[in-house]
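Spelled out, the chains give:
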Amino acid sequence: MAGSIKQHSPSVSYDRLPGVEREEDDVAETKRTHATKVAALDVSTVSSTLPIVCYCFASILMTVVNKFVVSGRDFSMNFLLLTIQSVVCVGCVFAVKKAGVITFRDFDMQDAKKWFPISFLLVSVIYTGSKSIQFLSIPVYTIFKNLTIILIAYGEVIWFGGRVTGLTFMSFVIMVISSVIAAWSDIANALDKTWSPQDPAAAIGGLHAVQSALTQVNIGYFWMFFNCIMSAAFVLSMRKRIKVMGFADWDTMFYNNLLSIPVLAVFSFLLEDWSAENLNRSFPPETRTFLLSAIAFSGAAAVGISFTTAWCIRATSSTTYSMVGALNKLPVAASGMLFFGDPVTTGSVSAVTVGFLAGIVYAVAKNNQKNAERTRSQTDGIIPLAHRKP
């Protein structure tokens, strides 16, 4: 009997196995199942973490490179900068398409005519953004960029029948508070740099310096104000046009950058100083090669941001992406303090922290709103028992 048990073949059914061997098989099966689940969990974690890290890296890199390019003391060729970036971006998109990594529709003149107003708005967004970051620090620019969310939200309420929940409104209030703190800290820092009350002899010169510093800060806020308006108009208009034309993400990116090239080039030739003297000031000979390389790199980074955005949403979820976007503002602001010597004061740190909190509250509010809408749509699809036919 014992020998027959030891020599049983694999074809013997499970219920004929002795209790000890059955228990051992159960333990082995449990271990295999546990190992499989752990391995699957590890693969899922890695596949979700990588696109998030890549998106954050591309976003920070793009902001830092743009700030480096436009922060030259005599740089004044913003339209030329944007033209080079758009040309590089279109070239990279074509190269990636030829490699078979992505696909998008071929150029069509009718589509181009319909999409041109959107591209013109994009030029306005990019130009006002480059001017504002030229005069403002990265933390202040990042915080005030949050105000665009408020304009977009209420624009959707007016034109698309959107809804602003109580928690969303609370996040807007926190955003406004963070912007006020950032502006107060920025102006106070500008005054501290230029005013010395211990030196009465330099009072007149100090007043001129204060006036100059405040003028520069006000110019930055002027461009930031228009950047928020242009950004909201661009997003709302593009949303409507995408639905009408059925554009995918890469179609949108291709047409946006391609159609913006002639507009940027014309504005550059008409409004910017192309004299040899000004070109030498904007692109000093000693750093010209490095500066042009940085501009080309920033154009390629724009493609990276678009790709990692789609990758992040596909590998995780739109909720995770929105939360990452909220959390990403902290390292973006920190990069300005680290690479460009933006002042680390109580006001600036407080503004970044409050803005960081506002982003988290906004992401949670949008997630709750989306879940509520999904539940409502599922409930509406259920036929009540009283109205069902027997």
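Sequence order as written defines residue numbering, which begins from 1 separately in each chain. Where totals are concerned, whole chains, interfaces and linings use all residues; where local detail is concerned, this predicted model gives features only for residues with pLDDT of at least 70, and gives and counts side-chain atom pairs only at 80 or more. Just so you know, side-chain values use all the structure's heavy atoms and leave hydrogens and water out.

K.L.:
Hey, could you go over the overall build of the protein for me, with residue numbers and the actual values?
P.N.:
What counts as a helix is a DSSP run of H or I of at least four residues, what counts as a strand is a run of E of at least two, and both are numbered from the N terminus. Helix and strand counts for the protein stand at 14 helices and 0 strands. Ordered by position in the sequence, the α and β elements of the protein form the string α-α-α-α-α-α-α-α-α-α-α-α-α-α. Taking all 390 residues of the protein together, 37% fall into the buried category. In what follows, a contact means two residues having at least one pair of non-hydrogen atoms within 4.5 Å. The long-range share in the protein, meaning contacts at least 24 apart out of those at least 6 apart in sequence, stands at 83%. Burial classes follow relative accessibility: with a 1.4 Å probe on protein chains only, a residue under 20% of its type's maximum area counts as buried, one over 50% as exposed, and anything between as partly exposed.

K.L.:
How would you sum up the packing of aromatic side chains? Please name residues and give values.
P.N.:
Any two of the Phe, Tyr and Trp rings considered here, Trp counted by its six-membered ring, make a pair once their centres fall within 6.5 Å; the pair's planes then place it as stacked at under 30 degrees, edge-to-face at over 60, or tilted in between. Taken as a whole, this structure holds 18 aromatic pairs when the rule is applied. Ring centres 5.3 Å apart and planes at 15° place the aromatic pair Phe79 and Phe267 in the stacked group. Highlighted residues: Phe79 in helix α3 (residues 78-98) and Phe267 in helix α9 (residues 249-271), separated in sequence by 188 residues. Judged by relative accessible area, which is 28%, Phe267 ranks as partly exposed. Relative to Tyr255, the ring of Phe107 lies with its centre 5.9 Å away and its plane at 20°, an arrangement referred to as stacked. Remark: Tyr255 occurs in helix α9 and Phe107 occurs in the loop between α3 and α4 (109-135); sequence separation between them is 148 residues. Judged by its relative accessible area of 0%, Tyr255 is buried. One aromatic cluster is present, built from ring pairs that chain together Phe79, Phe120, Tyr127, Phe222, Trp223, Phe225, Phe226 and Phe267.

K.L.:
Account for helix α6 (residues 147-159), naming residues and giving values.
P.N.:
Expected helix span is given by 1.5 Å per residue-to-residue step, counting one fewer step than there are residues. Along its 13 residues, α6 runs 19 Å from first to last C-alpha, staying within 8% of the 18 Å computed at 1.5 Å per residue. Just beyond α6, the residue with positive phi is Gly161, at close to 70°.

K.L.:
Could you give me a rundown of the pattern of salt bridges, with the residues and numbers involved?
P.N.:
Here a salt bridge means any side-chain nitrogen of Lys or Arg lying within 4 Å of a carboxyl oxygen belonging to Asp or Glu. If you walk through the whole model with that rule in mind, you get 4 salt bridges. Across the pair Lys97 and Asp106 runs a salt bridge, and its minimum N-O distance is 3.0 Å. A salt bridge links Asp251 to Arg105; its shortest N-O distance comes to 3.6 Å. Of the two residues, Asp251 is situated in helix α9 and Arg105 in the loop between α3 and α4; the sequence distance between them amounts to 146 residues. Beyond isolated ion pairs, a larger network of salt bridges with shared partners links Arg105, Asp111 and Asp251.

K.L.:
Lay out the environment of Ala153 with the relevant residues and their values.
P.N.:
Here Ala153 shows up in helix α6. Judged by its relative accessible area of 11%, Ala153 falls in the buried class. The sequence separation of Ala153 and Phe172 amounts to 19 residues, and the corresponding C-alpha distance is 9.7 Å. With sequence-adjacent residues up to four places away left out, Ala153 is seen in contact with Val164 and Phe172.

K.L.:
I'd love a proper account of the environment of Asp249, names of residues and values included.
P.N.:
In this fold, Asp249 is placed in helix α9. Considered as a pair, Asp249 and Phe104 are 145 residues apart in the sequence and their alpha carbons are 8.5 Å apart.

K.L.:
Can you lay out the packing of α3 against α4 for me, pointing to particular residues and giving the numbers?
P.N.:
Axes here refer to lines fitted to C-alpha atoms; in helices the fit is confined to the stretch in contact. Angles between the N-to-C directions go from 0 to 180 degrees. At a minimum axis distance of 10 Å, the contact between α3 and α4 shows a crossing angle of 125°. In terms of orientation, α3 lies oblique with respect to α4. In terms of crossing hand, the pair formed by α3 and α4 is right-handed. Residues Asn78, Phe79 and Leu82 of α3 touch α4, and the partners they reach there are Ile126, Tyr127, Ser130, Lys131 and Gln134. Tallied by class, residues from the contact of α3 with α4 come to 4 nonpolar, 3 polar and 1 charged. When describing relative orientation, an angle under 35 degrees is termed roughly parallel and one over 145 degrees roughly antiparallel, while 65 to 115 degrees is termed roughly perpendicular and anything else oblique. Left-handed describes a crossing in which the near helix is turned anticlockwise from the far one by less than a right angle; the clockwise case is right-handed. For this classification, the nonpolar set comprises Ala, Val, Leu, Ile, Met, Phe, Trp, Tyr, Cys and Pro, the charged set comprises Asp, Glu, Lys and Arg, and every other residue, Gly included, is treated as polar.

K.L.:
Give me the lowdown on the nonpolar core, citing residues and values where you can.
P.N.:
In this text, buried Ala, Val, Leu, Ile, Met, Phe, Trp, Tyr and Cys residues form a nonpolar core when linked through side-chain atoms within 4.5 Å. Ranked by size, the top nonpolar core spans 25 residues in total, and within it Val69, Phe75, Phe144 and Phe283 carry the most contacts. Elements that contribute at least two residues to this core include exactly α2 (19-70), α3, α5 (138-145), α7 (166-194), α8 (203-245), α11 (288-315) and α14 (346-380). In terms of residues, this core owes the most to one element, α5, which gives 5 residues. Not counting the four nearest positions on each side in its chain, Phe283 is found in contact with Phe75, Met77, Leu80, Arg288, Leu291, Leu292 and Ile295. The next biggest cluster of nonpolar side chains, apart from the first, holds 22 residues, and it includes Val93, Ile102, Phe247 and Ile261.

K.L.:
Help me get a handle on a nonpolar patch on the surface, residues and values and all.
P.N.:
To count toward a patch, a residue needs a relative accessible area over 30% and no salt bridge; like charges are then connected within 9 Å, while nonpolar side chains (Val, Leu, Ile, Met, Phe, Trp, Tyr) are connected within 5 Å. In short, Shrake-Rupley with a 1.4 Å probe defines the accessible areas, and a residue's cover is counted only from the protein chains shown. Among the surface-exposed residues, Tyr154, Val157, Ile158, Trp159, Phe169, Val173 and Ile177 lie close enough to one another that they form a single nonpolar patch of about 700 Å² accessible area. At the level of elements, α6 and α7 are the ones that each hand at least two residues to the nonpolar patch. The greatest single-element share of the nonpolar patch, amounting to 4 residues, is contributed by α6. Relative to the assigned elements, Trp159 resides in helix α6.

K.L.:
Please provide a residue-by-residue account of the state of the cysteines, values included.
P.N.:
Defined by distance alone, a disulfide is two cysteine sulfur atoms within 2.5 Å. Going through the model one piece at a time under the given rule, you end up with 0 disulfides. Cysteine Cys92 shares no disulfide, and the gap to the nearest cysteine sulfur, in Cys89, comes to 6.8 Å. On the basis of relative accessibility, which here comes to 24%, the residue Cys92 falls in the partly exposed class.

These figures come from the coordinates and say nothing about function on their own.
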